[in-house]
Amino acid sequence: MPSSVIKYFSYEEEKQVLFITFVSGITYVYKAVPVGVVNGLHTAASKGRFFNRYIKGHFNYKKLRTKKAF
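Right, let's walk through the structure included here. All of these numbers come straight from a predicted model, not from anything done at the bench. (Residues numbered from 1 in each chain as written. Predicted model: local features only at pLDDT ≥ 70, side-chain atom pairs only at ≥ 80, totals over all residues. Heavy atoms only, no water.)

1. A short note on the overall build of the chain
So, point 1. What the chain contains, in helices and strands, is 2 helices and 4 strands.
So, point 2. Along the chain, from the amino end to the carboxyl end, the secondary structure elements read β-β-β-α-α-β.
So, point 3. For the chain, the proportion of its 70 residues judged to be buried stands at 36%.
So, point 4. Within the chain, counting contacts between residues at least 6 apart in sequence, those at least 24 apart form 45% of the total.
So, point 5. In the structure as shown, the chain presents an accessible area of about 5,000 Å², 52% of it carried by carbon and sulfur atoms. (Helix = DSSP H or I, 4+ residues; strand = E, 2+ residues; numbered from the N terminus. Buried < 20%, exposed > 50% of the residue type's maximum accessible area, 1.4 Å probe, protein only. Contact = heavy atoms within 4.5 Å. Areas by Shrake-Rupley, 256 points an atom, 1.4 Å probe, with all protein chains shown as cover.)

So this is what it looks like as structure tokens:
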């Protein structure tokens, strides 16, 4: 899943919750995301472009954690 913006993502289908961790190290949880949107993200050639077009601003979200310094 190479992306210059998204490090990785996971999905809890029963709860329709999408977790996205960005390359910055910050993770957000997006609520009420249909499985079709997640499938689109999974197959998108550009994860960042797909995110900006179909997820950002379309679903309620919460910031889960901030980047930790190691």
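2. A look at the packing of aromatic side chains
So, point 1. Summed over the entire model, instances satisfying the criterion amount to 7 aromatic pairs.
So, point 2. Considering the side-chain rings of Tyr28 and Tyr30, the 6.4 Å spacing of their centres and the 40° angle between planes classify their relative orientation as tilted. Judged on exposure class, the residue Tyr28 and its partner Tyr30 are both buried.
So, point 3. Measuring from ring centre to ring centre gives 5.7 Å for Tyr30 and Tyr61, while their planes differ by 35°; the resulting arrangement is tilted. Note that Tyr30 is positioned in strand β3 (residues 27–31) and Tyr61 in strand β4 (residues 61–65), a separation of 31 residues in sequence.
So, point 4. By relative accessible area, which is 54% here, Tyr61 ends up exposed.
So, point 5. By way of ring pairs, the aromatic residues Phe22, Tyr28, Tyr30, Phe51 and Tyr61 are connected into one cluster. (Phe/Tyr/Trp six-rings, centres within 6.5 Å; stacked < 30°, edge-to-face > 60°.)

3. Looking at helix α2 (residues 47–55)
So, point 1. Of all the positions in α2, only Lys47, Gly48, Phe50, Phe51 and Ile55 are classed as buried. Taken around the axis of α2, the buried residues stretch over an arc of 160°, which confines them to a single face. Exposed residues on α2 whose side chains face more than 90 degrees from its buried face are Arg49 and Arg53.
So, point 2. On the buried face of α2, the contacting elements are β1 (6–12), β2 (17–22), β3 and α1 (35–43).
So, point 3. Gly57, located one to two residues past α2, shows a positive phi value of around 80°. (Arc of directions from axis to C-beta.)

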